[in-house]
Amino acid sequence: MRLKLQAPAKINLNLHITGRRSDGYHLLDSLMQKVSLYDEVDLELCPAGISLECSGEPVPAGRENIVVRAAELFFDATADRRRKNSSGVSIKLIKRIPVAAGLGGGSSNAAAVLRGLNILCDCPCSDEELVRLGLQLGADVPFFLIGAGAARAAGIGEILHPAPSLQNVSVLLVNPGVSVSTRWVYETFALTKHRRADKVSRLQNETYKAVGWCNARENPALPAVMENDLEVVTIAKVPEVGLIKDGLLAGGAFVALMSGSGPTVFGLFVDSAQADECCTMFKSRFPHTYVVTPVQEQ
Ligand SMILES: C[C@@](CO)(OP(=O)(O)O)[C@H](O)COP(=O)(O)OP(=O)(O)OC[C@H]1O[C@@H](n2ccc(N)nc2=O)[C@H](O)[C@@H]1O
Ligand SMILES: Nc1ncnc2c1ncn2[C@@H]1O[C@H](COP(=O)(O)OP(=O)(O)O)[C@@H](O)[C@H]1O
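Residues numbered from 1 in each chain as written. Chains lettered and ligands numbered in written order. Predicted model: local features only at pLDDT ≥ 70, side-chain atom pairs only at ≥ 80, totals over all residues.

Here's the deal with the domain arrangement of the protein
Heads up, the rule is: Boundaries of every domain are those given by an automatic assignment or by a domain database. Two residues qualify as a contact pair if the distance between their C-beta atoms, derived from the backbone, is within 7 Å. To qualify as a helix, a DSSP run of H or I must reach at least 4 residues; to qualify as a strand, a run of E must reach at least 2; elements of each kind are numbered from the N terminus. Amino acids outside the nonpolar list (Ala, Val, Leu, Ile, Met, Phe, Trp, Tyr, Cys, Pro) and the charged list (Asp, Glu, Lys, Arg) are all regarded as polar, and Gly is one of them.
The domain architecture assigned to the protein consists of domain 1 (2–163) and domain 2 (170–292). With 24 residues of domain 1 in contact, the opposing surface of domain 2 contributes 35 residues. When contributions to the side of domain 1 that touches domain 2 are tallied by element, the ones reaching two or more residues are β1 (2–20) and β2 (26–46). Looking at the side of domain 1 that touches domain 2 element by element, the count peaks at nine residues for β1. The residue makeup of the side of domain 1 that touches domain 2, split by class, is 13 nonpolar, eight polar and three charged.

Re the site of ligand 1
Convention followed: Only the C-beta atom, placed from the backbone, is used; a residue is near a molecule or strand if that atom lies within 6 Å of it.
Inspection of the region around ligand 1 gives 19 residues, with Gly138, Asp140, Ile156, Gly260 and Ser261 positioned closest. Only β1, β2 and α5 (182–192) provide two or more residues apiece to the shell around ligand 1. Each of two domains, domain 1 (2–163) and domain 2 (170–292), supplies a minimum of three residues to the shell around ligand 1.

Description of helix α10 (residues 272–283)
Counted only if it meets this: Each helix should span, by expectation, one fewer than its residue count multiplied by 1.5 Å. Burial in this document is a count-based property: other C-beta atoms within 10 Å of a residue's C-beta are tallied, and the residue is buried at 20 or more, exposed at 12 or fewer, or partly exposed in between, with C-beta positions derived from the backbone. The arc in question is the one traced by the directions running from the helix axis out to the C-beta atoms.
Helix length check: α10, at twelve residues, gives a terminal C-alpha distance of 16 Å against a target of 16 Å (1.5 Å per residue), a fit within 8%. For α10, the complete set of buried residues consists of Ala275, Cys278 and Phe282. The buried residues of α10 occupy one face: seen down the axis, they fall within an arc of 65 degrees. Residues of α10 that are exposed and point over 90 degrees away from its buried face: Ala273 and Thr280. Where α10 is buried, its residues meet β7 (170–174), α9 (240–250), β9 (265–269) and β10 (289–292).

What follows is the structure in structure tokens.
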């Protein structure tokens, strides 16, 4: 039995760090939006063993790859609830989403494996159980397990409130071509930055209202409430982030922001032709540049 899934990237339309848990993980408040840049995950059940074949962007093979850990976790958790002859999977991964880029590619791949294996094995896990498993793999995985195109995420990313997807915008993703470790960004942020909670919640409420309107063309409030607390940390290491933001705004984006821990920057455009033009301009210097659209429903 075989199943092919599309695993989308995400952007963070804003990201505020609101605190820190005793285990060191940061609490956040973020509006996340899936976008139409996809990895492909092809799953074929087999009697035993987990194998992985990757193409496209280079990613680790074996257990270092999150898709292998996702399959192991699924098989362990459902050992007593599966048919005996379906304890293994052969995974083919076509990687198009830039790696360690703030676009959630690994988390999206892991969610696709969990969802896909659950379907292939006649659904031994409830949606809630899949989310619990996903969270063991990464804080961003639960977002990719829910059907909504967008959600407000709290906790470390596991408390999710589906939100309306952005509409009528083209999104230009520009990746500077360097990788940034999420862990390093969070650790550096904790050392350098403190925020007032009241400001965070005010901004967040505004953002939710703004994006709730859904139609960016009629939404002058949107740019003013889009901020990413992690941007300042990553810019210090990857100055291209600042230059790309300036270039996107000069090229017609009505807002430009770093996604997640970066270093990918996105610009939102009302005019898709302008987004295409700006894409051509960036692509010669930064080959990992893409025009995408917000995913409405997965
Ligand atoms: C920053 C965000 C924003 O959406 O996205 P990316 O930039 O990774 O795409 C996420 O919070 C990233 O989530 P994810 O990439 O799943 O993180 P994980 O693998 O769980 O954690 C990697 C490391 O980041 C730190 N971490 C992660 C999430 C969080 N809420 N607080 C943290 O402090 C921890 O040090 C952890 O060891
Ligand atoms: N399937 C995968 N796709 C992407 N990265 C992976 C994968 N498996 C393991 N990794 C590792 O996970 C780390 C984070 O990658 P990624 O999920 O792309 O980051 P981000 O969430 O910042 O976009 C990288 O160091 C990468 O080598």
